[in-house]
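A structural walkthrough
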Amino acid sequence: MEQCTLVTGGSRNIGHGICERLSADGQTVVQFDVLAPAPGSTARYVEVDLADADATGRALDALLAEYRVTRLVNNVGVVSLGALEDIPLAEFDRVLRINTRVALQCAAAVVPGMKEAGFGRIVNIASRAIRGIPNLSVYAASKAAVVGLMTSWALELARSGITANAVAPGPIDTDMLRAAYPPDGPQFQSMHDMVPVGRLGQPADIANAVAFLLEERSGFITGQVLHVCGGLSLARA
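Quick caveat, the model's predicted, so the values are computed rather than measured. (Residues numbered from 1 in each chain as written. Predicted model: local features only at pLDDT ≥ 70, side-chain atom pairs only at ≥ 80, totals over all residues. Heavy atoms only, no water.)

1. Points about the pattern of salt bridges
Counted according to the given criterion, the structure contains 6 salt bridges. The partner of Glu 66 in a salt bridge is Arg 44, with the nearest N and O atoms 3.0 Å apart. Pair noted here: Glu 66 is in helix H2 (residues 53-66) and Arg 44 is in strand S3 (residues 44-47), with a separation of 22 residues, a long-range link. Owing to a relative accessible area of 41%, Glu 66 belongs among the partly exposed residues under this scheme. Classification of Arg 44 by relative accessible area gives partly exposed; the value is 37%. (Salt bridge = Lys/Arg side-chain N within 4 Å of Asp/Glu carboxyl O. Helix = DSSP H or I, 4+ residues; strand = E, 2+ residues; numbered from the N terminus. Buried < 20%, exposed > 50% of the residue type's maximum accessible area, 1.4 Å probe, protein only.)

What follows is the structure in structure tokens.
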């Protein structure tokens with residue numbers, strides 16, 4: 001059975017950058033998303049509403065009937081802004097359903113095939129928000145959860161030739177960031193100015209880190225969180 005790499009939320013921004021990089025590296029890439037990618041995307045696109053657990057399960061079943069997934073990038077995510085006292089519980093459920101449940105569901109589905117192959121790579125996309133950002137508590141909680149999942153998987157799967165790691169992006173110039181912090185507003189410029197390397201990150205910066213952790217040669221790295229943030233995680237410590 002042919003092997004492939006599965007990327008969730010691969011149609012835009014960081015996910016798209018990851019798909020394009022992995023395809024350029026010679027991997028067969030399949031991406032799940034509710035949004036269609038831009039024309040010219042090199043990854044195979046499967047339309048699925050990842051917020052729907054049943055739809056996600058059907059998409060995984062169909063994929064695994066055709067491919068063995070030996071590399072998984074849990075990238076799909078939504079952001080939620082709001083002060084603690086203003087957060088509706090329904091919003092907490094929505095964000096955790098997409099940002100965290102999808103990662104667990106996809107990993108659980110593909111790990112048996114990885115075990116059979118004696119090889120697997122899982123990368124969860126976390127966020128620098130796990131270190132704390134005001135008004136992002138729900139988003140931060142969901143990303144801290146994917147780190148917690150990853151550390152358990154790293155220990156549980158290590159003897160099966162499977163690694164699990166996380167990449168924690170800092171401020172990356174994406175649609176999500178621009179929606180949360182409009183470029184013409186003071187917060188956007190302040191964020192830009194705080195990054196030690198003097199610029200916002202680009203999706204390719206995250207894709208480079210993900211590609212490294214997915215390599216066969218990276219088999220001695222597991223259970224780690226790699227901050228790709230231009231030094232901001234140090235400057236804010």
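2. A look at H2
Here H2 spans 20 Å end to end across 14 residues, near enough to the 20 Å set by a 1.5 Å rise per residue. Among all positions in H2, only Ala 55, Thr 56, Gly 57, Ala 59, Leu 60 and Leu 63 are buried. The inward-facing, buried residues of H2 contact strand S1 (3-8), strand S2 (29-33), S3, strand S4 (68-74) and helix H3 (89-117). A side-chain oxygen of the first residue of H2 lies 2.9 Å from the backbone nitrogen of Asp 54; this N-cap is Asp 52. (Expected span 1.5 Å × (residues − 1). Contact = heavy atoms within 4.5 Å. Polar contact = N/O pair within 3.5 Å; in protein donor to acceptor, adjacent residues only side chain to side chain.)

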